[in-house]
Number of protein chains: 2
Amino acid sequence: MMRGREVVNRIGALLAALLLSVLSAGAAQAEDGYDLWLRYAPLEAARAAEVREVTGPVQVRGEAGETARLAQEEIERGLSGLVGDTPGERSVTLSQTKDLTEGESWLAAELEGAPDGSFVIAADPNAGTIIVANDETGLLYGAFALLRHLAGDRPLPEMAKTYRPAMPLRMLNHWDNPDGHVERGYAGRSIFDWWHLPERLDQRMIDYARANASLGINGAAVNNVNARAFMLEPRYIAKLTRLADAWRPYGIRVYLSARFSAPRDIGGLDTADPLDPQVAAWWQAKADEIYESIPDFGGFLVKANSEGQPGPQDYGRTHADGANMLAEALGERGTVIWRAFVYSAEDETDRAKQAYEEFVPLDGQFADNVIVQVKNGPIDFQPREPFHPMFGAMPNTKLMLEAQITKEYLGFASHLAFLAPMWEEVLDADTGRGGTVAQVVAPAGMAGVANTGSDRNWSGSHFDQANWYAFGRMAWDPSLSSEAIAREWAAQTFGHDERFLTAAVPMMLSSRESVARYMTPMGLAHLMDTGHHYGPGPWVCDLPRPEWNPCYYHRADKDGIGFDRTETGSDALAQYAPGIAATWSDPAQMDDRYLLWFHHLPWDYRMGSGRTLWAELVHRYDRGITEVDAMALTWRSLAPYVDAQRHRAVSESLQIQQREARWWRDASLRYWQSVNGLELPAGVREPEHTLDHYKAFTFPEAPGQ
Amino acid sequence: MMRGREVVNRIGALLAALLLSVLSAGAAQAEDGYDLWLRYAPLEAARAAEVREVTGPVQVRGEAGETARLAQEEIERGLSGLVGDTPGERSVTLSQTKDLTEGESWLAAELEGAPDGSFVIAADPNAGTIIVANDETGLLYGAFALLRHLAGDRPLPEMAKTYRPAMPLRMLNHWDNPDGHVERGYAGRSIFDWWHLPERLDQRMIDYARANASLGINGAAVNNVNARAFMLEPRYIAKLTRLADAWRPYGIRVYLSARFSAPRDIGGLDTADPLDPQVAAWWQAKADEIYESIPDFGGFLVKANSEGQPGPQDYGRTHADGANMLAEALGERGTVIWRAFVYSAEDETDRAKQAYEEFVPLDGQFADNVIVQVKNGPIDFQPREPFHPMFGAMPNTKLMLEAQITKEYLGFASHLAFLAPMWEEVLDADTGRGGTVAQVVAPAGMAGVANTGSDRNWSGSHFDQANWYAFGRMAWDPSLSSEAIAREWAAQTFGHDERFLTAAVPMMLSSRESVARYMTPMGLAHLMDTGHHYGPGPWVCDLPRPEWNPCYYHRADKDGIGFDRTETGSDALAQYAPGIAATWSDPAQMDDRYLLWFHHLPWDYRMGSGRTLWAELVHRYDRGITEVDAMALTWRSLAPYVDAQRHRAVSESLQIQQREARWWRDASLRYWQSVNGLELPAGVREPEHTLDHYKAFTFPEAPGQ
């Protein structure tokens, strides 16, 4: 018979287990995705025991500002979730370098001259774990890094090292309009409740800042680059101020997309000419007005002379004239981010060439606090593009990489496409001009067009959260592999079970390639339907601007398909470094995933596979379909490892993707056949419907327009 | 020293308490309003003990269909929340009348011939509590009624009675567009994710159905009455089918707003003339197609020949011609709900008269399965309108009451205005033609224009949930007082503390009157700014249609203010029963809250208060402001009784309301002064800005347009 105390202990343990299980069940019930990768779900017992051995009560050395306090609370919250309410036996210490003891001076040395936000995680065999940084934001980043590591599956000692951001500016661009509509948004309405600001601050604004901080994202341009001038009015500066105040403790600076014609639109001037002193004075006064309320305002993001937006060229001035005038208004206080996404009907030879042609001659003319923001590829966020030739071609200009997190061209929110491999492809690309793209943008940064929205899961689908996550992680450290990012995201977001990760991670890694295969195989691009960019429209050829038409891009005819960008064609290849241009000018030498981007080839061109180009194209479409079907099967098998609500949601999205992948393939094949008159290779499934059937689809209510 | 078993009991009790406190803490954290009035928060000990004495394990007699199973689960979930995981000692039995024992035949007798959804809650001194209904939906309603009563503060024995819905159709009208925009929606995007249906069914669709079922709401028209024809296409019928399947177990039938010109828009016909056999055949085929997939499809809601919508009058036919043709297509399977909201520039004498003039002559001509849906007042959901004169004037037509839950004219989602008193006012109004409005609509039902949206709290603000709740409760039982509804809502939504309820309930009850005072006092109406209906615009007088202009309604000039609807004016009063018209034609006899709706009076008209009309008007504006300030103070004092997140959210909304109430008052007074040239009474605060200042405001991004 047990003695009283034994009984108490035994029962205590049982009931603690019960408590834990109830809490877990509660968590499982609430798995709607809102918590993103910050769920801090309980670790399995062995890992939890290890974690307890290096953690414990959290303390901040010296005077703790609000950010340090947030770091402390985050670790407390995280540890409580990961290992339960029995704290570890050691401690976790947060210390700025100025508060280190003499014996810890080696930690300070690690961070000497390190960029803002850098931190060290170090083990102390007696005390537990210490996080050190030069600034409080570094402590907060360190807190999240610690928790990310604890929640992952890498050995704990690996977390002890120095962490430095690879580039100073890691920001989101929100294409959110003040009325709540998100251009190219597929996750509901804007998360920014401008209407009720400044009085009402939605809890989401805090949770958003926290999620960004967990990735090291330190800036957000809160409104669409197709900007409304009234957002520069006092009414909106008050709203923006409340946001800036809420985000400051999380290390996030607000940026505003500025409409270049604002001095005319709202300023009472009759010009927005950047060389007009009145215009410069207006912007100077506007900048002063903003800094009066928001001392750490980040600056202006500008889309100028692109797709109908006003700009300096309206007055015969250059992009540099426009950007420098705004840069002068901001002064040392902020940055002008000037987008290089320009194209116009005038240059009919090749849209892909225009940005380079307009910007490269301006190299060296931009002020120090101007960054030129360049999309990953020369067209527009297609499922696959070669890297933009501007990277490496403007050595005397700060260039920033613009990536699109929202999936405008990759299936909206319903297709599973993990985008890290796409970004890895561009970041790792050797420009042939003294560095990779990652190296070119390192002095500036990366911007991601956000996929956030009012949907409960933030991103429109659970797996799209991974793209927000991957963007932030890559902007902090572009040397991270897609695989590592997928693995740490999946572990935190769904669970640590090795059987789950072994299946889910490869599925994520191949997913974007599958989309490229069933939508735009072999370097084809811009084949989507008009306006809403939803579904296939390779037949579209009657839009008023030539470069709006899919037929402009694929150039398919009886004899062949593809855009000749070699010397015999638009010679866009000449914008790349000579070595690269030489390799790519030979269709046999180049990576055939880019083939038809650069070459117009006959349908019977013989591929390395031995198939004709036509047969290879069909083969890739079919492979895309097969892979999506395989994803759906894989996901079904993962039901035991995922809560029911999220499992069902992903399953249902995959059903949409399976249907739409077939639609892309079938409609595209029907169209190519109408052009080339060729039969499908033997054994290949006939498209389900006629070409006219697919052409008749309309989607007036498609999201994101 | 305690013996082992005692120790176990003691510790068990302690840990159960701990468990409960942890769970409650979890709930407190998650108080974002998503759970609406179905939070099932723990009862205080004494009430919990009482509840345990009449409840216990839940059982369903006989064969349990899905709805009965949902009823059982709901009670289990509710009891677990209210009294914790220690179940009561008795039981809760759910039984259809067919499964009653002989000894219980009195229960069956109670429900003999009772309308669908009726139920009895009865106490059984031995067994606990029994819920009996003729159908499973009644069991589900009974489950919710039981929990509502347990969670409230009325004595438990009072719940034992028979519950019968007062009217057969209790429905929501969603003005939601297929692209996710909600017309006059102030709670974010549409809750209906048409884009991803049918594959993806959002969890919200279940939670929505459950919330409606808890109130007895049994129908939903899922799309805007300004309808898009493509929602009748097969692509949308598939989407609708998935919704119908999901809602069926909750007793909710789907209705579709149908565009009258659909046979032309999508049917390939060149007419939509209701008397054209091809048109009738098209609708017949369409109805058959829908019923093939949705056997319990509710029917069509139609806005015809109103505000530019197509209708039978386009072909020289009457509303009855149009409605009856659709009714024939539906047959016994469904209902046509035909809106009486019509007005047009042709009838320039008085917009308030047109619906009556168009519809009353058609009395008796509508088919049996047609309901004419009439707004509460003759204009358009103003803060106060007299009841619509059509009520009582069409004894041979089924009339349904249309109320607006969304606050298009009462401050959007940021003003606190509990609307039950407004609806109570109209439901209780004696038509003078043999019954109250509630009695007139009893054979048909009530429709509420929903205030749901993608905002986490569903309604844009926590207190707007009360309007959804009140609509449902009143549609079930129009004899319920606003006070009773406010009390049961507040208790379930925030808590049972008497100190809280004593302050919060009166605040709710007076809130709508305050809004009427600072926006449209003394029967003024339609004074809002153009298009978005946000903020004051009494000066607007230049819109192309006369009845779009506020000046059309207030008719203020140097000499007086108000719309003369007596014999000397438009004589709209003649549309009311003679006794009512007689009383209201005398400004001294009538309720002065309607005064300027019916009378044009000089500014120095002497009011019952002894003040001049002008002084009284100013007085009412100021009283509105004072009351809003008092609400804000009251709410601040309630912080101890409300979780921090919701308390802060309401506080911040009240700040908006305080600012905007002043804006309404100041802008309106400045305008009236510009017209009447009068000084403000002594001691009255001067408006803050000039009239031009207020006139210059623009809000291009205002929600709900």
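Coordinates for the structure precede this section.
Notes on the structure in this doc start here. In this text the structure is predicted, and so the values were computed from the model without any measurement. (Residues numbered from 1 in each chain as written. Chains lettered and ligands numbered in written order. Predicted model: local features only at pLDDT ≥ 70, side-chain atom pairs only at ≥ 80, totals over all residues. Heavy atoms only, no water.)

### Quick notes on the overall build of chain A
Looking only at helices and strands, chain A has 22 helices and 15 strands in total. A compact globule built from 705 residues should have a C-alpha radius of gyration of about 27 Å, and chain A, at 27 Å, falls within 12% of that. C-alpha atoms of chain A, sized along the principal axes, occupy 90 × 70 × 50 Å. A burial count over chain A gives 63% of its 705 residues as buried. Looking at chain A alone, contacts between residues at least 24 apart form 73% of all its contacts between residues at least 6 apart. Per element, the accessible surface of chain A, about 25000 Å² overall, is 51% carbon and sulfur. Computing the positive centroid from 65 side-chain charges and the negative centroid from 96, chain A places the two 5 Å apart. (Helix = DSSP H or I, 4+ residues; strand = E, 2+ residues; numbered from the N terminus. Rg over C-alpha atoms; globule rule 2.2 N^0.38 Å. Buried < 20%, exposed > 50% of the residue type's maximum accessible area, 1.4 Å probe, protein only. Contact = heavy atoms within 4.5 Å. Areas by Shrake-Rupley, 256 points an atom, 1.4 Å probe, with all protein chains shown as cover. Lys, Arg positive; Asp, Glu negative; His and termini not counted. Charge placed at Lys NZ, Arg CZ, Asp CG, Glu CD.)

### Digging into empty space enclosed by the protein
Residue and element names in this part refer to chain B. Reported here for the largest cavity is a volume of approximately 110 Å³. What lines the largest cavity is a set of 18 residues, and nearest its centre among them are Tyr409, Met519, His533, Gly535 and Trp664. Class assignment of the residues belonging to the lining of the largest cavity gives a composition of 9 nonpolar, 7 polar and 2 charged. (1 Å grid on protein atoms, 1.4 Å probe; cavity = no way out; pocket = protein on both sides within 12 Å on 5 of 7 lines; lining within 4 Å. Points joined across faces, edges and corners; volume = space filled by probe spheres on them. Nonpolar A, V, L, I, M, F, W, Y, C, P; charged D, E, K, R; others polar.)

### Some points on the packing of aromatic side chains
Residue and element names in this part refer to chain A. Following the criterion strictly, the structure yields 106 aromatic pairs over all chains and no others. Ring geometry for Phe297 against Phe300: centres 5.6 Å apart, planes inclined by 70°, an arrangement best described as edge-to-face. Residue classification places Phe297 among the buried positions, given a relative accessible area of 0%. On the accessibility criterion, Phe300 (0% relative accessible area) is buried. Connected via pairs of aromatic rings, a cluster forms that spans Tyr34, Trp37, Phe192, Trp194, Tyr208, Phe230, Tyr236, Trp247, Trp458, Trp468 and Tyr469. Cation over ring: Arg204 sits above Trp458, and NZ or CZ is 4.4 Å from the ring centre. (Phe/Tyr/Trp six-rings, centres within 6.5 Å; stacked < 30°, edge-to-face > 60°. Lys NZ or Arg CZ within 6 Å of the ring centre and 35° of its normal.)

### Some details on the pairing of strand S13 (residues 445-449) of chain A
A regular strand carries its side chains on alternate faces of the sheet. Residue and element names in this part refer to chain A. Of all 5 residues in S13, 5 are buried, a share of seventy percent or more. Side chains Gly445, Ala447 and Val449 project from S13 onto one buried face, and the interleaved Met446 and Gly448 project onto a second face that is buried too. Pairing of strand S6 (residues 169-173) with S13, which is carried by 5 bridges, proceeds in the parallel orientation. Its bridge partner being in S13, Arg170 is matched across the sheet by Met446. Here strand S12 (residues 399-404) runs beside S13; their pairing, made up of 5 bridges, is parallel. From the neighbouring strand, Met400 faces S13, where its bridge partner is Gly445. (Pairing = 2+ DSSP bridges.)

Nothing here speaks to function; it is geometry throughout.
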